[in-house]
Amino acid sequence: MQSTFTHQGLRSPLLRRSLRKPYPVAVRGEGVYLWDADGKRYLDFSASAAVNFIGHGVREIADVMVEQSRQVEFVHSSQFTTPVAEEFAAELLDFASGHFRGGAVFFTSGGSEAIEAALKLARQYQVEIGQAKRHQVLSRNQSYHGSTLGALAVSGNRKRREIYLPMVREFAHIGMPYCYRCDFDCADGCRNCGQQYAVELDHAIEATNGEAAAFILEPVSGATLGAVTPPPGYLQSIAEICRRHGVLLIADEVMTGMGRTGRNFACEHWDIAPDILVTAKGLSSGYAPLGAVIATRKVVDAIADGSGALLHGYTYNAHPVSLAVGRAVLRRIQSQNLVHAADSGAAVTVGGALKTALESLRDLNIVGDVRGIGLLWGVEFVQDKKTKQPFPPERNLAGQIGEACRKRGLLVYPMQGCADGVSGDHILIAPPAVITAEQIAWAVEQLRKGIADTER
Ligand SMILES: Cc1ncc(COP(=O)(O)O)c(C=O)c1O
């Protein structure tokens, strides 16, 4: 098989992400490994972009896809429901804890679609309960909620938004607690400033003059900041402020849901109960396109007791083949105890082993911060550890480290912009939960060498 497709130089009939670089051709996956057409093996240390959780190449998932396509491959959700949709929705509500009892799930084909659906659901809820004035969705700077225009409007990732801004309707963005680069002059691990950040939400809601419908956040910041966990008490205060103002709380757990952080959903670490929970990525572990909006009973009741119809839909929402995959993935997560495996706070787990191994990188000259939880970690690089001065963005240090690692057979997820939206380099580490302690040790050794190769 061709190992790179380089028709007319780098041009291809496929509109690829970059038209400037050649891509290796992926041909096989198994466990934590991917192989390209040259036979080179890669350890998938970031599960692509924090997608795969159960490991690559699981045969039983392929089997359920075939079985479901043979039975019924597709029906339109305006005409039919299916056994797999009804059963998987009930199982997912259980998995999302008692707080969602009596609620309901809306399935999509991925994260951005699910975020769009959640934003519209929040608006419809407010209209149904007689609060038609409420339409603004508040969010945070340096967040990422997806690439469609509605999701982009509530995201705070400067680089990904810049050229599209004239096309989107914007509402207020508040500050994001980022302890390594805290806005406040604190020396207590952000114990108090979490409250100062939360108060910004109070003020932003008041400034809408009763037009705020919802507030959306990632409980643990994903790609943009690189696995930044919230300071103590922050999320609880946010939840309380939303409740007090009649504003729905939407938790974007596209990346952090389905066990990634060592809990079924990351919100459980801080004991907060969002009105709407959005998930994707690990939900299907990448075996099929799938996302989900999980709504509490309060939200669903408003529609059931009001207009009685959801004013939103996609041709492929609740696609039977994707749902058969999701269901089989959830069974595997549970039967193999993968949420526990991901728990970095528990003794003798791969989550714990990953935390310890990554912490050891702090001795490197350019490693400024190592942060994260469960199997979701960020490593941030700086020119000067004392001043936390980032590298010039043109150097693309994170990209270079990613490439140095790739040459060594290790895949990580490089990102830029954590310091101010443009500069600041970090990589995201988020392996499948089936990784072993030996594989982690090998991967972190390669990462250490990849950083050294780049620093030279
Ligand atoms: C927190 C978060 N929300 C939403 C999305 C968008 O999901 P998708 O890329 O599946 O559309 C992502 C993707 O990285 C994400 O990390």
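Everything numeric here is computed off the predicted structure, so don't read it as measured data.

**Q** Quick rundown of the nonpolar core? Include the residues and the values.
**A** In terms of nonpolar packing, the biggest core is built from 108 residues, with F45, F107, F215, F381 and L447 touching the most fellow members. A domain-level breakdown of this core finds at least three residues from each of domain 1 (26-54 + 340-455) and domain 2 (62-335). For F107, the residues in contact, after removing those within four places along its chain, are A85, F88, A89, L92, L290, G291, A292, N317, A318 and L323. Counting 26 residues, the second largest nonpolar core, distinct from the first, contains Y125, L248, V254 and I303.

**Q** Tell me about the domain arrangement of the protein chain, residues and numbers included.
**A** Each assigned domain of the protein chain is listed with its residue range as follows: domain 1 (26-54 + 340-455) and domain 2 (62-335). Centre-to-centre, using C-alpha coordinates, domain 1 lies 26 Å away from domain 2. Contact with domain 1, which involves 36 residues of that partner, is made by 35 residues of domain 2. Both sides of the domain 1 and domain 2 interface together cover about 2900 Å² of buried area, and 55% of this is carbon and sulfur. Area buried by domain 1 at its contact with domain 2 is led by F53, I54 and I373, which between them contribute 22% of it. On the surface where domain 1 and domain 2 come into contact, there are two salt bridges. The interface formed by domain 1 and domain 2 includes 17 residue pairs in polar contact (both at pLDDT 80 or more). Taken together, the elements giving at least two residues each to the side of domain 1 that touches domain 2 come down to α1 (47-50), β11 (367-373), β12 (376-381), β14 (413-416) and β15 (425-429). In terms of residue count, β11 provides more of the side of domain 1 that touches domain 2 than any other element does, five residues in total. Its residues assigned to classes, the side of domain 1 that touches domain 2 comprises 21 nonpolar, nine polar and six charged.

**Q** Give a detailed account of a nonpolar patch on the surface, specifying residues and quantitative values.
**A** Taken together, the side chains of L149, I163, Y164 and M167 present a nonpolar region at the surface, about 430 Å² in accessible area. Note on placement: I163 falls in the loop between α6 (158-161) and β6 (173-174).

**Q** Summarise the site of the ligand; cite the residues concerned and give the values.
**A** Taken together, G110, G111, S112, Y144, H145, G146, E218, D252, V254, M255 and K281 make up all the residues around the ligand. One of the side-chain nitrogen or oxygen atoms of D252 is found 2.7 Å away from a nitrogen atom of the ligand. K281 has a polar side-chain atom sitting 2.9 Å from an oxygen atom of the ligand. Among the residues making up the shell around the ligand, the classes are represented as three nonpolar, five polar and three charged.

The rules behind these values
- Once a new chain begins, its residue numbering starts again from 1 and follows that chain's sequence as written.
- Only residues with pLDDT of at least 70 get local features here, since the model is predicted, and only at 80 or more are side-chain atom pairs given and counted; chain-wide, interface and lining totals rely on the full set of residues.
- Values shown for side chains rest on all heavy atoms present in the structure; no hydrogens or waters enter the calculation.
- What is meant by a nonpolar core is a set of buried Ala, Val, Leu, Ile, Met, Phe, Trp, Tyr and Cys residues, joined one to another through side-chain atoms within 4.5 Å.
- Here's how the labels work: a residue is buried when its accessible area is under 20% of the maximum for its type, exposed when over 50%, partly exposed in between, all with a 1.4 Å probe on protein chains only.
- Residue ranges labeled as domains rest on an automatic or database domain assignment.
- Here a residue-residue contact requires only that any non-hydrogen atoms of the pair lie within 4.5 Å.
- Note on definitions: buried area is the accessible-area loss of two parts on being combined, 1.4 Å probe, summed for both.
- Salt bridge, as used here, is a side-chain nitrogen of Lys or Arg placed within 4 Å of a carboxyl oxygen of Asp or Glu.
- Think of a polar contact as two N or O atoms within 3.5 Å of one another; within protein, one of them needs to be a possible hydrogen donor and the other a possible acceptor, and neighboring residues in sequence only count if both atoms come from side chains.
- Only DSSP runs of H or I covering at least 4 residues are called helices, and only runs of E covering at least 2 are called strands; the numbering of each starts at the N terminus.
- Side-chain classes are defined by residue name, with Ala, Val, Leu, Ile, Met, Phe, Trp, Tyr, Cys and Pro counting as nonpolar, Asp, Glu, Lys and Arg as charged, and the others, Gly among them, as polar.
- Like charges are joined within 9 Å and nonpolar side chains (Val, Leu, Ile, Met, Phe, Trp, Tyr) within 5 Å, but only among residues with over 30% relative accessible area and no salt bridge; these make up the patches.
- Shrake-Rupley sampling with a 1.4 Å probe provides the accessible areas, and residues are treated as covered by the protein chains on show and by no other component.
- A single heavy atom is enough: if one lies within 4 Å of a molecule or strand, its residue is considered near that molecule or strand.

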